Structures are given as C-alpha cells and as structure tokens.
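# Understanding the architecture of this molecule
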Amino acid sequence: MLQTHENASLKNFNTFGIEAYARYFVEINHKEELQELFTDAKWHKIQCLVLGGGSNMLFTQNFDGLVIKINIRGIEHRINHDEVIVEAGAGEIWNNFVNYCVSWGFAGVENLSLIPGSVGASPIQNIGAYGVELKDVFESCEAFEISTGNFVSFNNTDCKFGYRESVFKQDKKGQYIVCNVKFKLSTKEHINISYGAITAELEKNGITQPSIKDVSKVVSEIRVSKLPDPSTIGNAGSFFKNPVIEQQVFDKIHKQFPNIVHFVVDKGIKLAAGWLIEQCDWKGKVVGETGTWKNQALVLVNHGKATGQEVYNLSENIIESVEQKFGVRLEREVNIF
Ligand code: EPU
C-alpha cells in the first residue's frame, strides 16, 4: 500500500540543501506503484513534481502539491557483439550507473562520471560534460503517462534532445514520469578525450593510452577540483546555461572583449557563462548565506542557511550584471519552484 505523507521537508531531497515543505510527498519503488497512485483522481487535480536526485532544483517557496520521489532501482545489461544495452531504473544514482559501466568496461558514459542526480533525470535535461551528452548514448526510455496510466516508450528521436533540453522540458512537460532508461554503449574502448581539460590532466598524469577507467578517474578529479561537493556545500551544478549567440552579435562583443571564452557550435557561438560572470567580479563572492563558487563562477552555492529566495535574488543580480556588461541575457539551467 502506497503511503503519502503531508507537510514533508524537502531539505534532504534537494542538493542545494534548501528548507521547503511539500504539501504531499510519496516515494515510488516500482513503476506499477505509479498506476496505483494515479487511480486516485485527487492527484490528477493538483500540481505534481517528480524528484530524482533533486540536483537541478531550487525551491523558493513551499510546494503546494504532490512531490513524487522516484526510487525505482536495478541495473542490468545485454551484450550483443560490440554493443551492449544497459538498462537502469530511474531511481539509480547516476554515478553508480556510470561506475557499473566503467567496471564492466562498457564505453560511452565515462566522461559523465560524478554528475550528481539520478538516471531518470538524465534524459530530461540531456545531461552533458567533457564533450559527451546523454543523447550520444541514449537508446530509449520507458515513461509513465499520467493522463492515461499507460507506459510509453520514447526513442532517441522522440526525445528531441538539445543542449540541456528534451521533449520532457518542452511539449510534454509534466505529462510523463521516466521509469527506466536504456543506454547503448560499446564493449570496445572508444575514448573521447577531445575536451582540453581531460587531455591536459591525462598528460599531467603521464597517461598516453588511456582506458575508460583512466578517463573516468581524470574526469572525476577535474570535477572535484572545480565543483563543490553538494554533501558539504549545497549547490545544483551549473546554475545557468552557456548562452549561444549569433555570429554577428558575437563579432561585436568580441571586438570589445578580445579574450572572451567562446566555442563554435551548430547554432552559432557558445559563450562560457562562468567567464562572463567572473568578468563581472562575481567569482567566489559571498552574499549573505549564498554566493558563487570560488573555482567556478557558474555554480551558485548555499553556505549553510540560505533560503531559496536568497539564491534566486543573487541569480537575478548576476543576470543583470552580465546583461549590462555584455548585452547577453543568461538563462537559468536550474528549475525554479
Ligand atoms: N571559466 C571561467 N571562469 C569560471 C568558470 C569557467 O573563466 O568561473 C571558463 C573556463 O576557463 C573555461 C570555460 O569557461 O575556459 C568553460 O569552463 P568549464 O570547462 O568549467 O565548463 P562550463 O562551460 O563552465 C559546462 C557544463 C558543466 C560541465 C562542464 C564540463 C553547462 C551549463 N555546464 O560548464 O555541466 O561539467 O561544461 O563539460 O553547460 C552542469 O550542467 O551542472 C554542469 C556542471
């Protein structure tokens, strides 16, 4: 029998460590429990929020609806020659899934080592790091359709993946709950070390022919050195997206700021939001209980007792400064509630 709780604290369920309460809260351990839950018409009438690892959320107020914490577990794989399909429950911790793949020698997700969050959240915002995005290894996922109570499969095309985007954040927002994800990985070692920071770190360690274990280790080391550990300092990783602007707009900015960190991408020029924020003197700044991280200005942190509103206000001020100096408006990557 499913147990829903009232007025539940969300402090331990968001990596910012912000105190906020959910009017109702339920934990789901098996996908069938979602069908059971939604047979009650009550839950169709109120706002629902699905929580994985809570690593991409900022609560600025209490949540006046039902929070559904997904705990669906299990990882298994099926090898077919050079390919392997690994299937993981949405509630698995992302990095445990990565470790599973790395220890079996399955290549494809080692660059995504140590990203906080759950497997179920990974397709929602097409997580990415160090030259790899989820869409590069995503085969399909099974999701619960709230309105019908059916389980629906989404393949890679169905998900309409973009930079930190998918159909689950756009057209189908709030309509599906991801239950499990299938990944297509390789039993051969295909190493992707195109990202400069990885190459530099491998060289520093004297590794010339890296294995996927080496890549995973190096990526983890880089992350630890740059990003705060949410178990000690509340944060949600990159708070903003890196803005992509048109070439003409870029040319103007570039003239004025010749050192601007940028990358050419399909749709224009991607700017490093961390660099823009640092240029506005926000890097490492402490503002009350909040601030930006000393080693990576793109990360906003909770120094202990920050409220969600405080963090939000800081993000507003940062957006304003960057817009004033560069004429570029930053967009939040983190979901605000
Ligand atoms: N930079 C600065 N100052 C800073 C931060 C960065 O000048 O305070 C410069 C760096 O020197 C570098 C460039 O900006 O030249 C890029 O920095 P970094 O490699 O740290 O990556 P990022 O663009 O800031 C993105 C992702 C991260 C991901 C890294 C590595 C986004 C919004 N963020 O950050 O993802 O780990 O690349 O691939 O795309 C996340 O999404 O939560 C996240 C952590």
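Small disclaimer: the values here were computed from a predicted structure and weren't measured.

Every one of the 23 residues lining the ligand counts as a neighbour, but Tyr-130, Tyr-163, Tyr-195, Glu-278 and Ala-297 are closest to it. For the ligand, an oxygen atom lies 2.7 Å from a polar atom in the side chain of Tyr-195. Residue Ala-297 places a main-chain N or O atom 2.8 Å away from an oxygen atom belonging to the ligand. Starting from 820 Å² of accessible surface for the ligand in isolation, the protein chains cover 83%.

Turning our attention to the sheet that holds strand β11 (residues 151-155). Across the sheet, five strands lie side by side as β6-β7-β12-β10-β11; this open sheet has antiparallel pairing. Each edge of the open sheet carries a strand with a single partner, namely β6 (75-80) and β11. When strand polarity is set aside, the average angle formed by the axes of neighbouring strands in this sheet is 20°. Note that strand β10 (residues 138-145) and strand β12 (residues 176-186) share seven bridges and pair antiparallel. Within the sheet, the bridge partner assigned to Phe-138 lies in β12 and is Phe-183.

Domain boundaries in the chain define domain 1 (5-70), domain 2 (75-226) and domain 3 (234-336). Put simply, the middle of domain 1 and the middle of domain 3, counted by C-alpha atoms, are 29 Å apart. At the junction of the two partners, domain 1 supplies ten residues and domain 3 supplies 17 residues. Summed over both sides, the interface of domain 1 with domain 3 buries roughly 1,100 Å², with 55% coming from carbon and sulfur. At the junction of domain 1 with domain 3, the criterion picks out zero salt bridges.

Right, let's talk about the packing of aromatic side chains for a bit. In this structure the tally under the stated criterion is 19 aromatic pairs. For the pair Phe-138 and Phe-161, a centre-to-centre distance of 5.1 Å together with 80° between the ring planes defines the contact as edge-to-face. In this pair, Phe-138 sits in strand β10 while Phe-161 sits in the loop between β11 and β12, placing the two residues 23 residues apart along the sequence. The buried category is assigned to Phe-138, whose relative accessible area is 4%.

For the rest of this paragraph, the subject is the pairing of strand β3 (residues 48-51). The side-chain alternation of β3 yields one buried face, formed by Leu-49 and Leu-51, and one unburied face, formed by Cys-48 and Val-50. Pairing analysis gives four bridges linking β3 to strand β5 (residues 63-70), with the strands arranged parallel. In the strand pairing of β5, Leu-49 is matched with Val-67.

Parameters at a glance
- Residues numbered from 1 in each chain as written.
- Predicted model: local features only at pLDDT ≥ 70, side-chain atom pairs only at ≥ 80, totals over all residues.
- Heavy atoms only, no water.
- Near = heavy atom within 4 Å.
- Polar contact = N/O pair within 3.5 Å; in protein donor to acceptor, adjacent residues only side chain to side chain.
- Areas by Shrake-Rupley, 256 points an atom, 1.4 Å probe, with all protein chains shown as cover.
- Pairing = 2+ DSSP bridges.
- Helix = DSSP H or I, 4+ residues; strand = E, 2+ residues; numbered from the N terminus.
- Axes fitted to C-alpha atoms, helices over the stretch in contact; angles between N-to-C directions.
- Domains from an automatic or database assignment.
- Contact = heavy atoms within 4.5 Å.
- Buried area = accessible area lost by both parts, 1.4 Å probe.
- Salt bridge = Lys/Arg side-chain N within 4 Å of Asp/Glu carboxyl O.
- Phe/Tyr/Trp six-rings, centres within 6.5 Å; stacked < 30°, edge-to-face > 60°.
- Buried < 20%, exposed > 50% of the residue type's maximum accessible area, 1.4 Å probe, protein only.

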